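Structural description and commentary
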Amino acid sequence: MSDWPLGYERQVLLEVDSTMLEAGRQVAGLAGPTWICALRQTAARGRRGRAWVNPEGNFSATLVLPTTEAPEKRALRSFVAALALYDALVAVSGRVDGLTLKWPNDVLLTGGKVAGILLESIGSHLAIGIGVNLIAAPAPAEVEANAVAPVSVLSGLGVEVTPEAFLDMLAAAYARHESQFVTYGFAPIREAWLARAARLGEVVTARMGDREAIGTFETVDAEGRIVLNTAAGRQAIAAADIFF
């Protein structure tokens with residue numbers, strides 16, 4: 001593949017329990033950044049250990065990235081991955097309308113969740129798990145109450161793409177944004193992400209366990225935290241589930 005990014009390895013597996021678990025099994029033997037894509041997952045999961053409904057034909061992959069960075073900088077890769085997903089979806093459809101980025105790690109299509117990102121550290125590596133509803137989305141009963149309704153690329157854009165083809169587009173897009181992040185830091189990534197942000201300037205709810213904050217989504221700060229203007233003042237929140 002002439003457009004596959006230099007320095008990245010590529011694996012496409014017929015079936016695994018989870019690409020994140022497979023990343024953990026392989027990490028000691030990987031020489032450099034490696035994409036592990038599975039055409040079928042039997043035990044997929046999302047954030048906070050939630051099940052990720054993943055019918056065959058949807059996209060599941062984990063990028064294993066060697067890094068010696070501190071945890072707070074590793075976490076900023078969710079923004080790098082989100083921009084790469086945005087670009088890959090534009091490449092699939094040739095359209096940008098309807099695509100937005102939801103803090104901290106989702107991609108929305110016409111208001112519905114089309115893709116999610118999960119970051120986990122594995123020693124001296126970062127595993128970036130990515131799931132995309134290419135051909136099918138979970139039923140409303142299969143997602144968390146009050147969460148953004150899921151949507152698929154096929155239903156939302158009318159485009160059918162294979163996981164292997166999407167991997168090639170995503171890997172190329174990720175390599176571009178990763179190079180920018182390594183060279184120039186988070187500032188240009190943050191600016192590009194905010195230009196595509198969902199509900200910027202609108203009132204949202206941030207839920208942090210048994211607490212919640214309601215306020216206007218003002219920005220994302222230099223540490224990647226969402227900043228809300230609430231009745232109690234401005235709050236910068238590092239980790240939360242966001243509801244509209």
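Here, the structure is the one placed above.
Rules used in this analysis
- Residues numbered from 1 in each chain as written.
- Predicted model: local features only at pLDDT ≥ 70, side-chain atom pairs only at ≥ 80, totals over all residues.
- Heavy atoms only, no water.
- Buried < 20%, exposed > 50% of the residue type's maximum accessible area, 1.4 Å probe, protein only.
- Helix = DSSP H or I, 4+ residues; strand = E, 2+ residues; numbered from the N terminus.
- Pairing = 2+ DSSP bridges.
- Salt bridge = Lys/Arg side-chain N within 4 Å of Asp/Glu carboxyl O.
- 1 Å grid on protein atoms, 1.4 Å probe; cavity = no way out; pocket = protein on both sides within 12 Å on 5 of 7 lines; lining within 4 Å.
- Points joined across faces, edges and corners; volume = space filled by probe spheres on them.
- Axes fitted to C-alpha atoms, helices over the stretch in contact; angles between N-to-C directions.
- Contact = heavy atoms within 4.5 Å.
- Expected span 1.5 Å × (residues − 1).
- Parallel < 35°, antiparallel > 145°, perpendicular 65-115°, else oblique.
- Nonpolar A, V, L, I, M, F, W, Y, C, P; charged D, E, K, R; others polar.
- Core = buried A, V, L, I, M, F, W, Y, C linked by side-chain atoms within 4.5 Å.

1. Considerations on the pairing of strand β10 (residues 226-230)
Most of β10 is tucked away, with four of its five residues classed as buried. Of the strand pairs in this sheet, strand β9 (residues 211-220) and β10 are connected by five bridges, and their pairing is antiparallel. Bridge pairing in β10 places glycine 215 opposite threonine 230. Between β9 and β10, which pair antiparallel in sequence order, lie five residues; one of them, glycine 224, sits at a positive phi of approximately 85°. The pairing of β10 with strand β11 (residues 233-237) spans five bridges and is antiparallel. Across the sheet, leucine 228 pairs through a bridge with glutamine 235, a residue of β11. Where β10 folds back onto β11 in an antiparallel hairpin, the turn is made up of two residues.

2. Overview of the pattern of salt bridges
Under the definition given, this model contains 16 salt bridges. Note that glutamate 202 and arginine 199 form a salt bridge whose closest N and O atoms lie 3.8 Å from each other. The partner of glutamate 223 in a salt bridge is arginine 225, with the nearest N and O atoms 3.4 Å apart. The class of arginine 225 is partly exposed, set by a relative accessible area of 30%. In this structure, a network of salt bridges that share partners links the residues Glu69, Lys73, Arg77 and Glu178.

3. Quick notes on the layout of surface pockets
Rolled over the atoms, a probe as big as a water molecule pinpoints where empty space is left. Taken as a whole, the second largest pocket spans an internal volume of roughly 370 Å³. Every residue lining the second largest pocket is counted, 19 residues in all, and those nearest its centre are Ala75, Ser78, Trp103, Pro104 and Ala238. Those elements that provide at least two residues to the lining of the second largest pocket are α3 (77-93) and β6 (112-122). If one sorts the elements of the lining of the second largest pocket by residue count, β6 sits on top with three residues.

4. Some remarks on the environment of phenylalanine 243
Within the secondary structure, phenylalanine 243 is located in strand β12 (residues 241-243). Between the C-alpha atom of phenylalanine 243 and that of arginine 207, which follows or precedes it by 36 residues, the distance is 7.8 Å.

5. Structural notes on the sheet that holds strand β2 (residues 34-38)
Within the open sheet, the seven strands sit side by side as β1-β2-β3-β7-β6-β5-β4. Their pairing is mixed. Here the strands that pair on one side only, and so sit at the sheet edges, are β1 (9-13) and β4 (99-102). Each neighbouring strand pair of the sheet contributes to a mean axis angle of 20°, computed without reference to strand direction. Of the strands in this sheet, β3 (59-66), β4, β5 (106-109), β6 and β7 (125-132) are in contact with α3, which crosses β6 at around 140°. Most of the contacts of helix α5 (residues 163-184) go to β3, to which it runs at about 35°, and overall it touches β1, β2, β3 and β7.

6. So, α5
Its 22 residues give α5 an end-to-end C-alpha distance of 31 Å, which sits within 8% of 32 Å, the value for a rise of 1.5 Å per residue. Of the residues flanking the end of α5, it is glycine 185, one or two places downstream, whose phi is positive at about 85°.

7. Observations concerning the packing of α5 against helix α6 (residues 186-194)
Where α5 contacts α6, the two axes come as close as 7 Å, and the packing angle between them is 135°. Viewed along their axes, α5 and α6 adopt a mutual orientation that is oblique. Every residue of α6 that contacts α5 at His177, Gln180, Phe181 and Tyr184 is listed here: Phe186, Pro188 and Ile189. For the contact of α5 with α6, a count of residues per class yields five nonpolar, two polar and no charged.

8. Some words on the nonpolar core
Counting residues in hydrophobic clusters, the biggest one holds 62 residues, and the most contacted among them are Trp35, Phe59, Ile130, Phe166, Tyr174 and Trp193. Per-element tally for this core: the top contributor is α3, with eleven residues. Excluding its chain neighbours within four sequence positions, the residues that come into contact with isoleucine 130 are Trp35, Phe59, Ser60, Ala61, Ala81, Leu85, Gly116, Ile117 and Leu170.

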